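Fold and geometry: a report
Spelled out from the first residue to the last, the chains are:
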Amino acid sequence: MSEGRPGVAATLRALNGALGRPAAVWVKESGARNLRHRDFLAPRAALSAAFPGGQVPPEAVSAVPSLRGPAVLPLRVCRQTPAGLAVQVRRPEAFQRLLGPLPGPVPPAAGARTECVVLHCPALRGPAALRPRHLRSILLADHLAQLLRAQGVGVRLVPALTKERSWDVLRQLRICWPSSSGGSSLTDAVSALKAALGQCPCAAACEQGPGTAEGVIFKVHLKSFVEQQGLVGYDPNLDVLLVTEGTLWSLAELQEAVLQCPVSDPLALPASRFPSSSCCSIIHVVNCEEEFQQQQLDVLWRILDPGAHTALQKHLVCGPVKVTNPSSPIGADQYFQLRKHQMYEASVIKYGELAQDEAWTEVIDTLTVAAIRFEMLSTAHRSQITLDLENNSISTKGTKSGAFVMYNCARLATLFDNFQRAVERGTYPPLPPESELNFSCLREEGEWLLLFNYLLPFPEVLQQAAQLPPPSKGIQITANTDTLCKFLIQLSMDFSSYYNRVHVLGEPFPHLFDQMFARLQLLGAVRDVFHSALATLHLPPLSQI
């Protein structure tokens with residue numbers, strides 16, 4: 001985090017340190033009602049557990065407002081209340097320190113090792129017809145790749161898309177995935193894997209003939225290997241795997257991706273955000289119906305390549321996608337076209353003939369992509385998603401939808417476009433430099449809510465969304481891939497409430513300019529948060545709706 005920009009975590013550490021207790025006592029408030037009276041609270045129950053009788057030494061309480069630090073919010077007062085110790089922030093100073101440009105990821109130091117993750121999405125080498133359940137794991141992997149890259153992590157995506165299949169739905173959903181470039185390296189790798197299987201005590205070669213499945217070249221006994229190695233977290237039904245050329249090709253692609261990572265040697269490297277101490281981690285992003293097959297591939301790779309990187313394989317499993325009352329199985333292409341038609345109809349209802357103009361084609365395409373991405377990603381990845389395709393559950397009105405987020409992003413674009421036009425007409429002077437703005441004018445409840453709940457924690461929200469915590473046991477991990485969608489939905493709701501209540505571009509009277517300029521600076525930072533967050537979803541900001 002850039003020096004001088006306050007953060008939630010640093011402020012909480014300073015507050016806990018001021019009380020001289022190792023346990024986390026303080027919490028950040030977020031509700032509008034509580035923020036009227038306090039910004040941080042040490043609850044009475046936590047104080048009772050940390051101090052005899054819940055009585056904090058007076059000198060500790062009096063020391064809180066004087067806390068300082070490059071990432072610590074300026075604090076105004078600390079007082080005892082019935083709820084516990086309450087702290088308020090010096091808000092004008094907090095506005096001043098926060099309303100600068102968003103910090104980017106800190107570049108790695110010279111000579112530092114680069115973290116790398118291989119994201120493997122088996123759905124892309126599955127059946128010819130993608131289903132909504134496949135889209136869920138593909139969209140999740142695509143979003144996770146963007147989140148990791150935003151934190152400076154190298155990402156390799158596997159498998160490469162083949163030219164033999166049509167990937168129109170991926171292009172329509174703006175999924176960025178590499179294509180196969182051909183070459184002999186994978187062919188050589190497959191040959192090497194065949195040779196390794198021929199020497200493997202767990203494997204037996206299969207001759208083509210009666211009773212042998214077509215294409216099977218080896219039978220590998222996985223269960224005995226799992227038991228010998230003491231591996232935990234695998235399906236107990238893993239037994240014999242019938243290996244084909246396609247199976248080995250999948251492993252060859254994974255091996256090549258690991259070799260292409262900036263760092264592929266996991267030995268003696270410093271701890272990182274990944275589930276092990278390696279700077280190269282392998283994450284299989286699968287839907288629950290593919291998990292068994294992926295575990296088979298996982299174990300086979302461990303058998304054939306006992307290097308440390310194969311021991312770092314982890315599985316990120318997506319819950320089921322249930323389609324209500326389908327007349328027949330629906331493909332991903334049909335799902336996209338249905339949502340697009342529904343978005344078009346909803347736009348016509350709201351905007352009339354405007355939405356039928358050709359200029360709106362791109363707008364409706366973007367709204368459709370946003371609707372589908374939020375539908376698939378705003379639920380925790382382990383939970384089931386239910387798609388109601390019969391009713392028009394996609395609309396421009398629902399506050400939980402991607403379309404609602406895009407609508408509010410467009411409202412900000414319109415606001416600044418109107419301001420710029422007014423400046424050109426001479427109605428308003430241009431926005432002054434940040435150093436000349438008077439942030440003490442920002443007294444409206446919604447203004448502090450936008451800064452304290454969204455601008456302040458946003459860099460930390462991005463970091464948390466990209467974290468891949470280690471599994472407590474076994475091979476499955478969880479990820480916070482729903483974090484950013486939920487963040488954007490809540491931001492849109494609070495921004496919409498504020499924008500509907502406050503007239504930002506007021507009458508062109510000089511005595512009102514200070515407040516208008518401070519509000520524009522605040523909303524410009526909100527716009528930057530929208531744009532930065534939407535970029536991790538491959539969603540361009542809209543200039544109109």
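Residues numbered from 1 in each chain as written. Predicted model: local features only at pLDDT ≥ 70, side-chain atom pairs only at ≥ 80, totals over all residues. Heavy atoms only, no water.

Going by what an unreviewed UniProt entry lists, the protein is known as DALD3 protein and is assigned to Ptilorrhoa leucosticta.

This part is about the state of the cysteines. Linking two cysteines covalently via their sulfur atoms produces the bond known as a disulfide. Inspection of the entire model under this criterion finds one disulfide. Between the sulfur atoms of Cys-116 and its disulfide mate Cys-261 the distance is 2.3 Å. The sign of the -60° torsion about the S-S bond sets the Cys-116-Cys-261 disulfide as left-handed. In this pair, Cys-116 is assigned in strand β5 (residues 116-120) and Cys-261 in the loop between α10 (245-260) and β10 (280-287), connecting sequence segments 145 residues apart. Of the residues examined, Cys-116 reaches a relative accessible area of 0% and is grouped as buried. (Disulfide = S-S within 2.5 Å. Helix = DSSP H or I, 4+ residues; strand = E, 2+ residues; numbered from the N terminus. Buried < 20%, exposed > 50% of the residue type's maximum accessible area, 1.4 Å probe, protein only.)

A word on the packing of aromatic side chains. Scanning all chains against the criterion turns up eleven aromatic pairs. Arranged with centres 6.1 Å apart and planes meeting at 90°, the rings of Tyr-428 and Phe-513 form a pair that is edge-to-face. Placement of the pair is Tyr-428 in the loop between α14 (402-425) and α15 (445-455) and Phe-513 in helix α18 (residues 510-535), with a sequence separation of 85 residues. For the pair shown, Tyr-428 and Phe-513 are each scored as buried. Taken together, the ring pairs connect Phe-40, Phe-95, Trp-448 and Phe-452 into an aromatic cluster. (Phe/Tyr/Trp six-rings, centres within 6.5 Å; stacked < 30°, edge-to-face > 60°.)

So, on to the pattern of salt bridges. Under the criterion given, the structure shown has 17 salt bridges. Among the ionic pairs, Arg-174 bridges to Glu-362, the shortest N-O distance being 2.8 Å. With Arg-174 in the loop between α7 (168-172) and α8 (185-198) and Glu-362 in helix α13 (residues 360-377), this residue pair connects regions lying 188 residues apart in the sequence. Across the pair Glu-447 and Arg-519 runs a salt bridge whose closest N-O atoms are separated by 2.7 Å. Residue Glu-447 is found in helix α15, and its partner Arg-519 is found in helix α18; the two are separated by 72 residues along the sequence. The exposure class assigned to Arg-519 is buried, which follows from its relative accessible area of 10%. (Salt bridge = Lys/Arg side-chain N within 4 Å of Asp/Glu carboxyl O.)

If you walk across this open sheet you meet the three strands as β7-β8-β9, and the pairing is antiparallel. The open sheet has two edge strands, β7 (203-205) and β9 (240-244), and neither has a second partner. Across this sheet, the average inter-strand angle for adjacent strands is 25°, counted without regard to direction. Sheet analysis places β7 next to strand β8 (residues 216-221), joined by three bridges and oriented antiparallel. The residue of β8 that forms the bridge with Ala-203 is Val-220. The strands touched by helix α11 (residues 291-304) within the sheet are β8 and β9, with β9 carrying the most contacts at an inclination of about 80°. (Pairing = 2+ DSSP bridges. Axes fitted to C-alpha atoms, helices over the stretch in contact; angles between N-to-C directions. Contact = heavy atoms within 4.5 Å.)

What follows concerns the pairing of strand β11 (residues 313-318). For a regular strand, side chains alternate in direction, first toward one face of the sheet and then toward the other. Within β11, six of the six residues are buried, which leaves the element mostly enclosed by the surrounding structure. Across six bridges, the pairing between β10 and β11 is parallel. The partner of Val-285 across the bridge, within β11, is Leu-316.

Before going further, it helps to spend a moment on the packing of α15 against α18. Running from N to C, α15 and α18 point in directions that differ by 30°, and their axes come no closer than 11 Å. Relative to α18, α15 is oriented roughly parallel. Here α15 and α18 pass one another in a crossing that is left-handed. Contact residues: Glu-447, Leu-450, Leu-451 and Leu-455 in α15; Arg-519, Leu-522, Leu-523, Ala-525, Val-526 and Val-529 in α18. When its residues are assigned to classes, the contact of α15 with α18 shows eight nonpolar, no polar and two charged. (Parallel < 35°, antiparallel > 145°, perpendicular 65-115°, else oblique. Left-handed = near helix turned anticlockwise from the far one by under 90°. Nonpolar A, V, L, I, M, F, W, Y, C, P; charged D, E, K, R; others polar.)

Let's shift gears to the sheet that holds strand β2 (residues 40-43). Taken in spatial order, the four strands of this open sheet run β1-β2-β4-β3, and their pairing is antiparallel. Two strands bound the open sheet, and with one partner strand each, they are β1 (27-28) and β3 (75-81). In this sheet, β2 lies alongside β1 in antiparallel orientation, the contact comprising two bridges. Looking at the pairing, Val-27 lines up with Leu-41 of β2.

This part is about the nonpolar core. One finds Trp-26, Leu-170 and Leu-523 to be the most contacted residues of the largest nonpolar core, which totals 138 residues. In terms of residue count, α18 provides more of this core than any other element does, 13 residues in total. The next biggest cluster of nonpolar side chains, apart from the first, holds 36 residues, and it includes Val-190, Cys-202, Cys-261 and Ile-282. (Core = buried A, V, L, I, M, F, W, Y, C linked by side-chain atoms within 4.5 Å.)

A word on the packing of α14 against helix α17 (residues 483-501). Each pair of packed helices gets described by two things: the angle between the helix axes and the distance between those axes. One way to put it is that α14 packs onto α17 with a least axis distance of 9 Å and a crossing angle of 45°. With respect to their mutual orientation, α14 and α17 come out oblique. The hand of the α14/α17 crossing is left-handed. Two secondary-structure elements touch here, α14 through Phe-404, Val-405, Asn-408, Arg-411, Leu-412 and Leu-415 and α17 through Leu-488, Ile-489, Ser-492, Met-493, Phe-495, Ser-496, Tyr-499 and Asn-500.

Quick look at unusual backbone geometry now. The omega torsion across Val-158 and Pro-159 is 0°, close enough to zero to call that bond cis. Within the element layout of this structure, Pro-159 appears in the loop between β6 (154-158) and α7. Residue Arg-174 is not a glycine yet carries a positive backbone phi of 60°. Its identity is not glycine, yet His-538 carries a phi of approximately 55°, on the positive side. Structurally, His-538 is set in the segment after α18. Residue His-538 is classed as buried on the basis of its relative accessible area of 15%.

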